[in-house]
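Architecture at a glance
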Amino acid sequence: MAATSSTSSSRRALLRLVLPVIAGILAGAWVLDEVVMRAFVMPSRSAGAYKIQRMFEEEDPTEVAILGSSRAAGCYVPDLINRNAFNYGIERTEHGFVEVMLERELRKARTTPIIVNWDYEFFRTEVGNMAHFVPNLHHAEISAYARGEMHWYHRVPGLRFFGLYGEYFKTRMGERSTGNVRSDGGVFDNTPASTERFSRMITRRFRSRDVWTDPTGVDSTFLRLLRSSSRPIVIVVAPYHASYFANYKGMEAATEYLRMLDALPNITVLDFGRYPLPDDHFFNTSHVNYRGAQVFSAALGEEWKRLFPVR
Amino acid sequence: MLFNSSAFLVFFPLVCVAYYLLPHRFRWLLLLGASCYFYMAFVPVYILILAFTIAVDYVSGILIEGSSGERKRLFLLASIVANVSVLAVFKYWNFLNQNIGELFRSAGLGYGVPDLGILLPIGLSFHTFQSISYTVDVYRGDLKAERHAGIFALFVMFFPQLVAGPIERGRSMLHQFHETKRFRYDGVEWGLVKITYGFFKKVVVADQLAVYVDAVYGHAGTATSLSLILATVFFAVQIYCDFSGYSDIAVGTARVLGFDLMENFRRPYLSASISEFWSRWHISLSSWFRDYVYIPLGGNRVVRWRWYYNLLITFLISGLWHGANWTFIIWGLLHGLYFVFGMVLERPRAAVAKATGLHRIPRMQRVLNIAFTAFLVTIAWVFFRAENVQQAMSILQGMLRFDGNWTRAALAVEDSSLAPVTGLAVMALLAFSYRLPYDLRLRWPRTFIVITTLTIILLGRNGGDFIYFQF
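First, a word on what this report is: a plain description of the structure on this page. Being a predicted model, the structure only gives us computed values, none of them experimental.

**Focus on the overall build of chain B**
Scanning chain B for helices and strands turns up 19 helices and zero strands. When its C-alpha atoms are laid out on the principal axes, chain B stretches across 65 × 60 × 55 Å. For chain B, the proportion of its 471 residues judged to be buried stands at 43%. In chain B, 74% of the contacts between residues at least 6 apart in sequence involve partners at least 24 apart.

**Brief notes about the overall build of chain A**
For chain A, the count of helices and strands is 13 helices and nine strands. For chain A, the C-alpha atoms occupy an extent of roughly 90 × 50 × 35 Å along the three principal directions. Taking all 311 residues of chain A together, 37% fall into the buried category. By sequence separation, contacts in chain A at least 24 residues apart represent 74% of the contacts at least 6 residues apart.

**Let's talk about unusual backbone geometry**
Residues and elements named next belong to chain A. Backbone geometry at R92 places phi at a positive 55°, although glycine is not the residue there. Looking at where R92 falls in the secondary structure, it is placed in the loop between β2 (85-87) and α5 (95-107). The backbone of D184 shows a phi angle near 45°, a positive value even though the residue is not glycine. The residue D184 is located in the loop between β4 (180-183) and β5 (186-189) in this model. The exposure class assigned to D184 is partly exposed, which follows from the 18 C-beta atoms found within 10 Å.

**A short note on the interface of chain B and chain A**
Often the size quoted for an interface is simply the accessible area lost on bringing the parts together. With 23 residues of chain B in contact, the opposing surface of chain A contributes 24 residues. Where the side of chain B that touches chain A is concerned, the elements lending two or more residues are α1 (6-21), α8 (185-218) and α19 (445-459) of chain B. Of the residues forming the side of chain B that touches chain A, the biggest block, eight residues, is contributed by α19(B). Classifying every residue of the side of chain B that touches chain A gives twelve nonpolar, six polar and five charged.

**A look at the sheet that holds β2(A)**
All names here are of chain A. Spatially, β2-β1-β3-β6-β7 is the arrangement adopted by the five strands of the open sheet, whose pairing is parallel. Strands at the two margins of the open sheet, each flanked by one partner only, are β2 and β7 (267-271). Sheet twist, expressed as the average angle between the axes of neighbouring strands with direction ignored, equals 20°. Pairing analysis gives two bridges linking strand β1 (residues 64-67) to strand β3 (residues 114-117), with the strands arranged parallel. When the sheet's bridge partners are listed, L67 is paired in β3 with V116. The sheet contacts of helix α12 (residues 251-262) involve β6 (233-237) and β7, and relative to β7 the element is tilted by about 145°.

**Quick notes on the packing of helix α9 (residues 225-256) of chain B against helix α18 (residues 419-433) of chain B**
Packed helix pairs are characterised by how far apart their axes lie and by the angle those axes make with each other. All names here are of chain B. The interhelical angle for the contact between α9 and α18, taken along N-to-C directions, is 45°, at an axis separation of 11 Å. In terms of axis orientation, α9 runs oblique to α18. Pair α9 / α18 crosses with left-handed handedness. Of the residues in α18, those touching α9 at L230, F234, V237 and C241 are P420, G423, M427 and L430. Here the residues of the contact of α9 with α18 sort into seven nonpolar, one polar and no charged.

**Side note on helix α12 (residues 304-322) of chain B**
Residue and element names in this part refer to chain B. In a regular helix each residue adds 1.5 Å, so 19 residues correspond to 27 Å; α12 covers 28 Å between its end C-alpha atoms and thus fits that length. Listing the buried residues of α12 in full gives N310, L311, T314, F315, S318, G319, L320 and W321. Packing partners of the buried residues in α12 comprise α5 (124-140), α11 (283-297) and α13 (326-344).

**Here's the deal with the pairing of β1(A)**
Residue and element names in this part refer to chain A. Of the two faces of β1, the one carrying V64 and I66 and the one carrying A65 and L67 are both buried. Note: β1 against β2, three bridges, orientation parallel. The partner of V64 across the bridge, within β2, is A85.

**Here's the deal with the environment of B:L430**
Residues and elements named next belong to chain B. Relative to the assigned elements, L430 resides in helix α18. Judged by C-beta crowding, with 18 C-beta atoms within 10 Å, L430 ranks as partly exposed. Separated by 189 residues in the primary sequence, L430 and C241 have C-alpha atoms spaced 9.0 Å apart. Leaving out residues up to four positions away in the same chain, L430 has contacts with V205, V237 and C241.

**As for the pairing of β4(A)**
Residue and element names in this part refer to chain A. When β4 meets β5, the two strands line up antiparallel, connected through four bridges. Bridged to R182 within β5 is V187. Linkage of β4 to β5, two consecutive antiparallel strands, is achieved through a turn of two residues, within which D184 is found at a positive phi near 45°.

**Re helix α4 (residues 69-106) of chain B**
Residues and elements named next belong to chain B. For α4, with 38 residues, the first-to-last C-alpha span of 47 Å runs short of the 56 Å given by 1.5 Å per residue. The sharpest bend along α4 comes to roughly 65°, located at Y92. For α4, the full list of buried residues reads F75, L76, S79, N83, L87, F90 and K91. One or two positions beyond α4, positive phi appears at G108, with a value near 80°.

Cut-off values and rules
- Here the residue numbering is sequential within each chain, running from 1 through the sequence in written order.
- Naming scheme: in the order in which they are written, chains are lettered from A and ligands are numbered from 1.
- Per-residue local features of the predicted model are confined to residues with pLDDT of at least 70, and side-chain atom pairs are confined, for both listing and counting, to 80 or more; whole-chain, interface and lining totals are unaffected and use all residues.
- Helix and strand labels come from DSSP, where a helix needs a run of H or I of at least four residues and a strand needs a run of E of at least two; each type is numbered from the N terminus.
- Exposure in this text rests on C-beta crowding, where 20 or more other C-beta atoms within 10 Å of a residue's own make it buried, 12 or fewer make it exposed, and counts in between make it partly exposed. The C-beta atoms are placed from the backbone.
- Any pair of residues counts as being in contact when their C-beta atoms, constructed from backbone geometry, are within 7 Å of one another.
- Following the grouping adopted for this structure description, the nonpolar residues are Ala, Val, Leu, Ile, Met, Phe, Trp, Tyr, Cys and Pro, the charged ones are Asp, Glu, Lys and Arg, and the polar ones are all others, Gly among them.
- In this description, strands pair whenever DSSP reports at least two bridges between them.
- For helices, the fitted axis covers only the stretch in contact; all axes are lines through C-alpha atoms, and the angles between them, taken along N-to-C directions, range from 0 to 180 degrees.
- Any angle that falls under 35 degrees is termed roughly parallel, while one over 145 is termed roughly antiparallel, one within 65 to 115 roughly perpendicular, and all others oblique.
- Two helices cross in a left-handed way if the nearer one is turned anticlockwise from the farther one by less than a right angle. They cross in a right-handed way if the turn is clockwise.
- For a helix, the expected span equals 1.5 Å multiplied by the residue count minus one.
- Note that bend, as reported per residue, equals the angle between axes fitted to the 7 residues terminating at that residue and the 7 residues originating from it.

Purely spatial values, then, with no claim about function.
So, in structure tokens, the structure goes:
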């Protein structure tokens with residue numbers, strides 16, 4: 001008797017509790033997923049997720065791609081460099097991701113030059129923010145790149161954006177904020193400069209001990225890609241604040257590495273690392289603000305005209 | 001295994017289904033096996049420490065019950081020494097050794113005793129205290145010694161409360177393992193509501209607040225006063241939601257399986273005094289200290305100075321229980337001092353309330369007392385969260401600089417510009433959840449589970465460990 005009651009009770013639980021709850025959660029999660037994709041992820045032209053999708057789908061033969069990390073996103077005003085340029089810079093990414101994007105770019109039927117932003121931590125290992133990659137996991141290259149940081153739920157529709165909704169919300173809201181300027185993928189800080197805050201950053205930078213690490217071996221894919229195409233690739237070092245170099249160890253070796261890249265066929269290195277900019281042109285010691293980006297991009301634009309006069 | 005891990009999402013339903021399919025006589029075996037698996041997901045070899053504690057206290061219980069007089073006392077002492085020795089070696093050895101080393105060095109003497117290169121076993125303080133309470137209860141005659149070794153092992157190892165409590169008593173748990181549990185729809189439903197609410201507290205509130213707290217405490221030297229104050233308030237709520245969230249999941253998980261665990265938290269930040277706070281915060285630990293330390297010391301049935309001494313000693317040990325660091329000792333002592341001063345100043349406070357007419361508005365008086373208690377508790381949390389005493393002092397000094405402003409840019413530390421806003425939003429959600437019935441007996445439990453789960457998916461973070469695991 002007791003067993004029968006227990007069995008019927010458990011069946012009742014299954015029908016009344018578990019199934020409706022699971023159905024409710026699945027339906028709700030699906031709606032959340034759709035809303036976020038349509039209203040937040042894809043309309044944000046400055047979001048990493050959008051840029052990755054664009055890189056895989058955009059075939060405009062005249063486009064000039066600017067690749068790199070947050071330094072690329074925040075330093076290059078595309079309009080001031082070339083009217084067909086688009087800034088594909090994505091925050092907190094490094095050489096591995098640039099390689100994925102560059103490989104994809106090189107496969108396109110284009111002849112336009114490519115800009116790759118290079119910085120002194122280019123060869124660090126950091127996958128970056130999963131918010132950029134999750135909507136693009138259907139691309140095998142992205143899936144392979146993000147594998148190390150991926151959780152099982154990132155592949156489950158409805159659950160895949162767990163922990164990432166805040167990022168999408170932040171990016172979407174950022175596009176409407178007055179604190180920054182956004183143009184063709186670039187995101188430029190436009191908040192009023194705070195001398196006190198910047199002084200604290202300089203103090204902290206003076207305390208840091210950044211070191212150039214020999215990238216031999218780590219750079220094999222990057223070098224292979226640079227050598228694999230006849231398309232011109234311009235490697236640019238965007239401006240740093242002078243304090244960045246104060247304690248930097250291994251600058252000679254880093255410069256030597258840039259010289260080696262410059263010597264490769266079709267590769268041009270433009271070093272604006274020490275380009276003279278006043279303090280109020282910086283967001284922090286390794287990133288310029290909108291003012292700095294405008295000055296730097298105009299200078300790069302001039303150089304661009306000299307390098308590629310026909311285009 | 002963490003409750004907030006994907007492994008648990010598979011583990012728990014499987015255990016539940018198997019549990020209700022098995023006849024009662026095999027269920028203890030299933031739960032014991034599941035508990036071993038749950039514990040061994042951390043550092044498998046540490047199961048041997050648990051096995052040692054279980055073996056010692058199982059035998060001690062039987063020996064204590066079967067003896068009397070000095071012999072009985074001796075068995076109890078042996079059991080306590082064995083348990084405390086495990087704690088001493090794994091939790092306190094390095095702390096003690098480092099401090100002795102400092103003393104030697106400050107006296108200009110050499111000291112070459114090395115630290116032990118071992119990790120603290122997860123939940124060691126919890127199951128050790130649970131086990132100690134069992135032998136003491138048997139000694140006092142409050143509990144019969146458990147003869148079934150498997151059931152006793154399960155009492156120490158029961159997976160819902162194995163690694164972070166609640167610290168249960170043999171009197172309330174052992175008999176439950178002997179009882180035949182039938183599937184009860186109401187119990188399962190309430191258990192799932194409790195689990196969902198626990199996950200909400202942990203994954204949405206605690207883990208979101210942790211973003212800002214970690215950023216500010218990680219860069220305390222460059223953070224403004226307002227950032228430090230906001231981060232400390234956030235930490236007060238974070239630790240509450242982290243730990244009470246764990247307890248809710250533990251209570252709910254046990255309830256789904258038909259077991260009743262004690263409530264560990266009763267909205268502690270609504271306490272109007274420190275003594276009330278400790279009757280609402282980590283209840284299983286504070287009642288443990290009351291029953292096994294404070295009352296044996298004489299409690300309040302002694303002369304006044306001795307009473308205060310008993311309180312301070314109890315809080316000092318409570319601080320030390322939390323961790324082998326001076327920060328925890330100071331945290332415990334601070335609460336002891338709050339407690340003592342609260343009693344010393346009881347009459348003057350009543351006189352002030354009368355003189356100002358506040359006693360005629362008891363609700364206002366209570367609100368002020370709640371605010372003041374929350375303030376004292378929050379100040380003490382600085383020591384709990386800081387890496388060391390120097391950092392705690394520099395944070396407290398930083399909070400008193402009163403620099404910075406309430407703009408988002410000024411509050412931001414490193415990459416946390418949205419974190420203060422998100423933190424305030426999830427705290428508002430928590431406050432909103434206080435409108436639910438306190439016991440979570442809801443009219444629409446399924447709707448609650450669905451909406452809360454969607455909130456977790458939308459606002460949750462994959463935040464990692466529970467803070468209290470380290471204890």
